[in-house]
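Observations on the three-dimensional arrangement
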Amino acid sequence: MKIQSNEHEALKEYYGRTLTGTKDLKTNACCSNPGMAPASVLEILKQIDPEILDRFYGCGSPIPTTVEGCTVLDLGCGTGRDTYILSSLVGENGFVIGVDMTDEQLSVARKHQPSIMKNFSYHGQPNVDFRTGYIENLQSLGIEDESIDVVISNCVINLSPRKEDVFKEIFRVLKPGGELLFSDVFASQRIPGILRDDPVLLGECLSGALYIEDFRRLLNKLGCPDYRLLSASPITIANPELEKQIGGIRFHSLTVRAFKLKNLEDICEDYGQVAVYKGTMREHPHDFQLDDHHRFIRGKPMLVCGNTAAMVQDTRYGCHFTVHGNRDVHYGPFDCDPGLGDSSSAGGGCC
Ligand SMILES: C[S@@+](CC[C@H](N)C(=O)[O-])C[C@H]1O[C@@H](n2cnc3c(N)ncnc32)[C@H](O)[C@@H]1O
């Protein structure tokens, strides 16, 4: 299968040669607010070389918790900032694979591997492997079916000209119950094709952005009818010339989580199930935020829909929850309304 396209080549040029660091970005789309990262992650960042941090082009903080011992895949890892954060979080017994198509990005990532492993006090084989290739074809990079616990990605999928292939690959490589957690730029409407031909608009993560409703349809088509939104923040392009080209399209950086689960339904259904968080995740002793409208307080029973029950029971979170009830008796649709007002800007998948 031939993956490489003119768009891939234009992007390699952009990330490999045009940009030399975050300071070269022409908009604030691919540049997240570091305040979004939790304190534990900020501590890890201190052990990562500044050259990596200076070439960070992410738009959020798709950093999962409770990943000790897990195998994590970082799609479009760039110079490896998030890959190395995960290397620390999974510990020496876990493993992280970073995939990127741009040699210049990966050479920075690889250069600092020995010193970062040392900073993390890892003495055996490195628990990180950077692979050169396309996120549309992970098979060719030796990433087997159902081999990955968590897939992350930070501001990359918008760039792919073949997004369906990317999501197909993600659901192929995830283990049953595995999680996709990613931050990306989403658009309020479908973007005219002509804007995609502009290397700056594309490279700056704008003109390839997915229209949120098409994202929902795509996931649904691939067997995942319910994704969850963790956070949403508007992107202000802050470049009058590019704003003029873009017209009235609005952009948001969203952090989204989705699970590979067989029993998800397209709307939330009420089976009278109750979930109780045990408070046993090291990073979340008091409460656990599944998404923007489910905060589980330790020990407090919470009535949940069938989908939410599956997400906390049939995934790596399962050992941290007690779920009472099953799907034997159905009580009708479940009101999961997050009450955020403008759902088009929040884009939540749950109801
Ligand atoms: C906006 S940067 C984000 C990099 C990194 N995630 C970060 O947060 O710094 C996009 C990265 O995705 C890579 N990329 C874009 N499209 C890709 C594709 N189809 N396959 C593999 N890598 C890709 C680029 O080479 C670039 O390093």
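Above this text is the structure in question.
Everything quoted here is computed from the prediction, not taken from an experiment.

Take the site of the ligand next. Taken together, 22 residues surround the ligand, and among them Tyr 57, Gly 76, Asp 100, Thr 102 and Gln 105 come closest. In the model, an oxygen atom of the ligand is placed 2.8 Å from a nitrogen or oxygen of the Tyr 57 main chain. The contact in question runs from a nitrogen atom of the ligand to an N or O atom on the backbone of Asn 154, over 3.1 Å. With the chains in place, 99% of the 600 Å² that the ligand exposes on its own is no longer accessible. Here the ligand is seated within the largest cavity. Classifying every residue of the shell around the ligand gives 11 nonpolar, 8 polar and 3 charged.

Okay, the packing of aromatic side chains next. Applying the stated criterion to the full structure yields 16 aromatic pairs. For the pair Phe 120 and Tyr 122, a centre-to-centre distance of 5.6 Å together with 65° between the ring planes defines the contact as edge-to-face. Given a relative accessible area of 12%, Tyr 122 falls into the buried group. Between the aromatic rings of Phe 259 and Tyr 317, the centroid separation amounts to 6.2 Å while the plane-to-plane angle is 85°, which identifies the pairing as edge-to-face. Of this pair, Phe 259 sits in strand E8 (residues 251-259) while Tyr 317 sits in the loop between helix H12 (306-313) and strand E13 (321-324), and the two are 58 residues apart along the sequence. No difference in accessibility class separates Phe 259 from Tyr 317, as the two residues are buried. It is Arg 81 that lies over the ring of Phe 56; its NZ or CZ is 3.8 Å from the centre.

The next point concerns helix H10 (residues 212-221). Residues Ile 212, Phe 215, Leu 218 and Leu 219 constitute the buried set of H10. Each buried residue of H10 sits inside an arc of 115° when the element is viewed along its axis, so together they form one side. Two residues or fewer past H10, Gly 223 is found with a positive phi of approximately 95°.

Here we come to empty space enclosed by the protein. Counting across every chain of the model gives 2 cavities of 30 Å³ or more. Looking at the largest cavity, its volume works out to about 420 Å³. In terms of lining, the largest cavity is formed by 32 residues, of which the most central are Gly 76, Gly 78, Asp 100, Val 156 and Leu 159. If one sorts the elements of the lining of the largest cavity by residue count, helix H1 (residues 6-18) sits on top with 3 residues. Among the residues forming the lining of the largest cavity, the class breakdown is 15 nonpolar, 11 polar and 6 charged. Quantified by volume, the second largest cavity comes out at close to 40 Å³. Among the elements that line the lining of the second largest cavity, the one with the most residues is strand E5 (residues 174-187), at 4 residues. Here the residues of the lining of the second largest cavity sort into 6 nonpolar, 1 polar and 2 charged.

Cut-offs and rules
Residues numbered from 1 in each chain as written. Predicted model: local features only at pLDDT ≥ 70, side-chain atom pairs only at ≥ 80, totals over all residues. Heavy atoms only, no water. Near = heavy atom within 4 Å. Polar contact = N/O pair within 3.5 Å; in protein donor to acceptor, adjacent residues only side chain to side chain. Areas by Shrake-Rupley, 256 points an atom, 1.4 Å probe, with all protein chains shown as cover. 1 Å grid on protein atoms, 1.4 Å probe; cavity = no way out; pocket = protein on both sides within 12 Å on 5 of 7 lines; lining within 4 Å. Sits in = over half its atoms within 2 Å of the grid points. Nonpolar A, V, L, I, M, F, W, Y, C, P; charged D, E, K, R; others polar. Phe/Tyr/Trp six-rings, centres within 6.5 Å; stacked < 30°, edge-to-face > 60°. Buried < 20%, exposed > 50% of the residue type's maximum accessible area, 1.4 Å probe, protein only. Helix = DSSP H or I, 4+ residues; strand = E, 2+ residues; numbered from the N terminus. Lys NZ or Arg CZ within 6 Å of the ring centre and 35° of its normal. Arc of directions from axis to C-beta. Points joined across faces, edges and corners; volume = space filled by probe spheres on them.

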